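Structural features, examined
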Amino acid sequence: MSIEVKNLHKRFGDFVALDDVTVSLPTGQLTALLGPSGGGKSTLLRIIAGLDSADEGSVTIEGAEATHLPPQKRNVGFVFQHYAVFKHMTVAKNVAFGLEIRKRPKAEIAERVDELLKLVHLSQFAHRLPSQLSGGQRQRMALARALAVEPSVLLLDEPFGALDAKVRKELRDWLRRLHDEVHVTTVFVTHDQEEALEVADEIVVINEGRVEQVGTPDQLYDSPANPFVMGFLGEVTDLGGVALRPHDIEVSVEPGPDTSVSGTVTRLLRVGFEVRVTVTADDGSQVLVVLTRTHARALDLAEGTRVWLAPARGATTIVAGPGRAEPELTRA
Amino acid sequence: MASASAAVGNRSVALTWFLRVLVVGYLVMIVALPTGLVAQNTFKDGLGGLRTALSDPDVVHSLLLTVRVAVMAVAINLVFGVGMSLLLVRYEFPGKRALSALIDLPLAVSPIVVGLALVLVYNPRYGFFGQPLSDRGIDIVFATPGIVMATCFVALPLIVREIVPVLEEMGDDQEQAARSLGANSRQTFLRVTLPGIRWAIVYGVVLSLARSLGEFGAVKIVAGKSIGDKETATLLVQREYQNFHQDVAYSVSFLLVVAAVLCLVVVAILRPSTSHHATPKVKQ
């Protein structure tokens, strides 16, 4: 295990940011720390980097005790949400910073900078100032700068959070490919479950200062440990006391053997290829069902149609309970 | 100017002209005309006045003393100003607001009071520190160190107030990035913090240099009655004026004006590069 975090506690005044967090982050993998804002994931990342200190607990990086090491001795690369570029230095100088601090020979620095700028596709911007780059380019530069010192772990704090949706998606794919090339142990913080599911090898779900679940994207999605994880990874709706994904509900226009709930369609919302159907069950509860456009057409659904609902075979279900993360999702 | 005129762009032409005339008139009456008259009086007999003044060893001595005091005061304020700015922006400690207010005190208090306060503390006969120091042969008040101190006191806020907003706006992201890339505190300061605030420092230095050259009240008290040896340029102007040596008084005044204007010209030249430097920050 590359990073071992044991019994970490951190408070900011009355606010408990981390409450007895223990987690192991595997070597060579791309791990996502996923959770809602204010859940403690950035604090955890900053403590691993040494930018914040823990009240209690220990951090081990690549087998070396790092709890009390200053950040410059941990050999971690850190990428900030708002880039933290050195504004007065050119792109090349930014990337060279860590190497110059380490007093590497000039020729070696120049060669390495060249190589890294190629890796992040910024070779032609080497002599520009960061203010002349777009947000996505700045973040790629920040990434090259962090990689330049050959860190044992690369930590990214909401690296794409400040970028617009299109650039974010591009960079996310690019980060995945980069990781496949470079293989450095990478941990990134995100509150975007799609980002985590798409990019990460492993996801650590953190909420209210605690680790809710650790696993691969598939494990988390298919067998969530609790209603919070299920709710955070995707939409959840309530069908007769069972929580499940809205697209895992079978709809029929006549009663069948597995039918658990019957009701009336009260709202139909078409979003591109999918149709979001709100069914008001006979007991007054509202159930959200997502169908493809074609399926909805085949059933000839309209507002007021009587429908019978059943969980699809193989659907991930969980007994609905308190503590769901995003109750508004179930209402949608 | 550009942004100001854009903001009033939809006002009537007449009103704009009225405001312009008002402002320019005000500036002429209160600044330009009096200063201009000093220059006019200086050159009443061509270069004769200046020549007379500069051939007086007292004048030359006072000018050199003024420059020396100003340079020392600025150097001291630079070190403490940068240090205090870092303390105020980057660290949390009890009494921070009080310290911040204390730094502004010299702007609010009359320099005369500053001079009196320094005399009370460092007076060799009854001063708080003065006696033990003078026992060891160290003179503060009525000597150059006192003049430097008084000048430091009045010019202190100028550097701090230039640097603090720039440091605040810069944030500590870049410093944290430098730390994570292996830089220690000294390297971080020299390579990241200092280049980030360099224009603020230059600006603060120029302003406090101008202020230091012209300080009168505090220096007047601290320098005591001694003539010649501990006389700065401003003190000399006053003495010569009272002794009806107007030509010398005006000539030295003119030199002080020139020095101040030079400082302001330097600032004006630097200003565009400061704002040029600041624009990308706003965008980010």
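Residues numbered from 1 in each chain as written. Chains lettered and ligands numbered in written order. Predicted model: local features only at pLDDT ≥ 70, side-chain atom pairs only at ≥ 80, totals over all residues.

Okay, the overall build of chain B next. Each helix and strand counted, chain B has 13 helices and 0 strands in total. Scanning chain B from its N terminus toward the C terminus, one meets helices and strands in the order α-α-α-α-α-α-α-α-α-α-α-α-α. Counting the 284 residues in chain B, one finds 36% classified as buried. (Helix = DSSP H or I, 4+ residues; strand = E, 2+ residues; numbered from the N terminus. Buried ≥ 20, exposed ≤ 12 C-beta atoms within 10 Å, placed from the backbone.)

Our next topic: the sheet that holds strand E11 (residues 237-239) of chain A. Residues and elements named next belong to chain A. With antiparallel pairing, the 3 strands of this open sheet are ordered in space as E11-E12-E18. Each edge of the open sheet carries a strand with a single partner, namely E11 and strand E18 (317-319). Direction aside, the axes of adjacent strands within the sheet are offset by 40° on average. Bridge count for E11 against strand E12 (residues 242-244) is 3 bridges, and the pairing is antiparallel. Bridge pairing links Leu239 to Val242 in E12. (Pairing = 2+ DSSP bridges. Axes fitted to C-alpha atoms, helices over the stretch in contact; angles between N-to-C directions.)

What follows is about unusual backbone geometry. All names here are of chain A. One non-glycine residue, Asn7, lies in the positive phi region at around 45°. The residue Asn7 is located in strand E1 (residues 3-12) in this model. Even without being glycine, His183 reaches a positive phi, approximately 60°. Note that His183 resides in the loop between helix H5 (165-182) and strand E8 (185-190).

This part covers the interface of chain A and chain B. Listed by partner, the interface residues are 20 residues for chain A and 17 residues for chain B. Looking at the side of chain A that touches chain B, the elements with two or more residues in it are strand E6 (76-79) and helix H2 (91-101) of chain A. For the side of chain A that touches chain B, a count of residues per class yields 11 nonpolar, 6 polar and 3 charged. (Contact = placed C-beta atoms within 7 Å. Nonpolar A, V, L, I, M, F, W, Y, C, P; charged D, E, K, R; others polar.)

Attention now goes to the sheet that holds E8(A). Residue and element names in this part refer to chain A. A sheet is described by the order of its strands in space; here 6 strands give the open sequence E6-E7-E8-E3-E9-E10, paired in mixed fashion. Of all strands in the sheet, those bounded by a partner on one side alone are E6 and strand E10 (210-215). Neighbour to neighbour, the strand axes of the sheet diverge by 15° on average, direction disregarded. Relative to E8, strand E3 (residues 30-34) is paired through 5 bridges, and the arrangement is parallel.

Below, the discussion takes up the pairing of strand E2 (residues 15-25) of chain A. Residues and elements named next belong to chain A. Here 8 bridges tie E1 to E2, and the two strands are oriented antiparallel to one another. Bridge pairing in E2 links His9 to Asp19. Once E1 ends, the chain turns through 2 residues before running back antiparallel as E2, passing Gly13 with a positive phi of about 60°.

Turning to the confidence of the model for chain A, a few remarks are in order. Residue and element names in this part refer to chain A. For chain A, the mean per-residue pLDDT works out to 88, and 96% of the residues sit at or above 70. In the model of chain A, helix H10 (residues 327-331) stands out as the element of lowest mean pLDDT, 35, in contrast to H2, which has the highest, 94. Per-residue pLDDT stays below 50 along residues 323-332; that stretch engages in 21 contacts with residues further than four places along the chain or on separate chains. (pLDDT = per-residue confidence, 0-100.)

Moving on, we get to the environment of A:Val277. The topology assignment puts A:Val277 in strand E15 (residues 274-281). Separated by 10 residues in sequence, A:Val277 and A:Arg267 have C-alpha atoms that sit 5.8 Å apart.

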